[in-house]
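# Topology and contacts: notes
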Amino acid sequence: MNWWIVWLVLFIAGITAVSIYYSRKIESADDYVMADFSLGFFPIAGSIIATALGAAAVIGAAGKGFTMGMSYFTGSIPYVFVSIILALVLGKTIRKLKLYTIPDLFVRRFGKTTGLIPALVISLLYMTPTFGMQIVGMGSILTTIVRMPLTWAMIFGFVVCVLFTLMGGLPSVAWTDAVQSILILLGVIVLFFMGLNYVGGMNTLIQETPSEFLSFFSLNKTELFNYMVIFGPFYLVWQTTWQRFSAAKTEKIAVRAVTVGYIVCGLIGLFAIPIGIMAKLVLSAGTPEDLVYTQFMTLVAHPAIGGLFMVSLFAAVLTGATSFLLSGATNISNDIYRKWIAPNANDKQALNISRISVAVMALIGLGVALFIKNIIVIYTYALSLTAVSLVMPVMAAMFWKRATKIGVQASIIISLIFAFSWNFAGRPFGLHEIVPGLVVSFVVLVVVSLFTKHSKDEDITAYYFAMKDMEDPVLAINVATDATPSAK
């Protein structure tokens, strides 16, 4: 019996059933992209884990363990700490604002025009190529399961992903993510110990692995600093996390679920990278990074076990891809269509546009995947441009009342141009564009804001301070509802 294919067929049948079930419940754009703001702890935490641990974090981490060793963990782990800090400091504020997207924040604070640029940056510069990254991940897994060429494997994964997203939206994605997150955690831990046994135990691994691969600090200072800034600041403005805050049923669920989700992400990364180091002892030196994890699994695990965990990884990559599609589609339907093209659009029209946006973004992402197949390259370049252009303006909206519309617009545009130029110039001094890009963004925002006045369409406030003592809107509504009968 071919267990790999059996598990794959069962998985596809399962997600089809889930998507059909939720498609019958979806009546509006809010239902489709935000699960009507009603998700509990398990689907929020699971969705964070499965989305953050898509192709880049599991397949990519094992690949980097194969080529870099444990030092990759030191460089990449800041995203966990940054995300937890975001949850603890701004999670409640984001939940109270009930933001559909990050550009929503710009529209409220700095006016409709200011939200357009971030919407384009997130949907086109980040979400679309990152969806392409997930397609590459799905392709690498499918080539191992069914032995089809990588191109056809990516196209197959693309078709399954798009159909699943079009039908079920965020409700189906969040609940399937929750189940897959458990399987991913179990799969990585089980593969770690099975791999350790396969290579002869911990002593053999230590003796036969070059010492620099076991060191957490083997990278030179510039490389280590670059990795830390690549995987750190961006997660302050990762729209997927922001949408999970807003989609949660209450503030407490939002903060706790996101925090726990990222703690588990860090734990899984701590297991995934050593898997790549073990693979170095048994796979050929020329094995592509994107295939290290899957090839090692087929070598070490019995198909009945490996097939389950392989398909769960495929599922996580797929549902991660759907999250990126939904997030980017929300930018297009909410931040562009409803605010610029059809302000009076009804729910049905907005829902249709959301689904059309999913299809269009998916096609562009597939094109990216077919031309660029290195997962980490796609990922780091997409997130660096997003971080450079959005981190400082978002922090200004939250904490600095004096920030002006013109200052924010200038900061976004100039920092993007600067980041492109810095990269094109070959990254002088070996420094990644995020560092000088953030400095330029901050300086431009502050200087231009101090020399310009607030516009009439601005909401002149710092949301963190303005909403610090405000009650959770959902709790307030529930209290008011419960009080009605007794008042009568």
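Residues numbered from 1 in each chain as written. Predicted model: local features only at pLDDT ≥ 70, side-chain atom pairs only at ≥ 80, totals over all residues. Heavy atoms only, no water.

Note the threshold: UniProt positions are given in the numbering used here, feature names are shortened, and annotations may be inferred rather than shown by experiment.
By the naming in an unreviewed UniProt entry, the protein chain goes by Sodium:solute symporter family protein and is assigned to Siminovitchia terrae. The heading Subcellular location (unreviewed entry) in the UniProt record of the protein chain holds the text "Membrane". The Sequence similarities (unreviewed entry) field of the UniProt record for the protein chain holds the comment "Belongs to the sodium:solute symporter (SSF) (TC 2.A.21) family."

### Details of the packing of aromatic side chains
What describes a pair of aromatic rings is the distance from one ring centre to the other and the angle between the planes of the rings. Our working rule: We call Phe, Tyr and Trp rings a pair once their centres come within 6.5 Å, taking the six-membered ring for Trp, and we label the pair stacked below 30 degrees between planes, edge-to-face above 60, and tilted otherwise. Under the scheme used here, helices are H or I runs from DSSP no shorter than 4 residues and strands are E runs no shorter than 2 residues, and both carry numbers assigned from the N terminus. A 1.4 Å probe rolled over the protein chains alone gives each residue an accessible area, and that area as a share of the maximum for its type sets the label: buried under 20%, exposed over 50%, partly exposed in between. Think of it as a cone above the ring: NZ of Lys or CZ of Arg counts as a charge over the ring if it is within 6 Å of the ring centre and within 35 degrees of the ring normal.
A full pass over the atoms with the stated rule returns 14 aromatic pairs. A centroid spacing of 6.2 Å and a plane angle of 75° characterise the contact between Tyr 79 and Tyr 262, whose relative ring orientation is edge-to-face. With Tyr 79 in helix α6 (residues 78-97) and Tyr 262 in helix α14 (residues 251-279), the pair connects residues that are 183 residues apart, well separated along the chain. Relative accessible area serves as the criterion here: at 0%, Tyr 262 is assigned to the buried category. When the ring of Phe 192 is compared with that of Phe 193, the centres are 5.1 Å apart and the planes differ by 90°; the resulting orientation is edge-to-face. Residue classification places Phe 192 among the buried positions, given a relative accessible area of 12%. Phe 193 sits in the partly exposed class, given a relative accessible area of 49%. Ring pairs connect the aromatic residues Tyr 79, Phe 234, Tyr 235, Trp 238 and Tyr 262, which therefore count as one cluster. The ring of Phe 66 has Lys 280 lying over it, and the distance from NZ or CZ to the ring centre is 5.3 Å.

### Brief notes about helix α3 (residues 41-52)
Here is the rule: To estimate the expected span of a helix, subtract one from its residue number and multiply by 1.5 Å.
Here α3 is 12 residues long and its end C-alpha atoms lie 16 Å apart, about the 16 Å a rise of 1.5 Å per residue gives. Across the 12 residues of α3, 10 count as buried, placing the element largely inside the fold. Burial in α3 covers these residues: Pro 43, Ile 44, Ala 45, Gly 46, Ser 47, Ile 48, Ile 49, Ala 50, Thr 51 and Ala 52.

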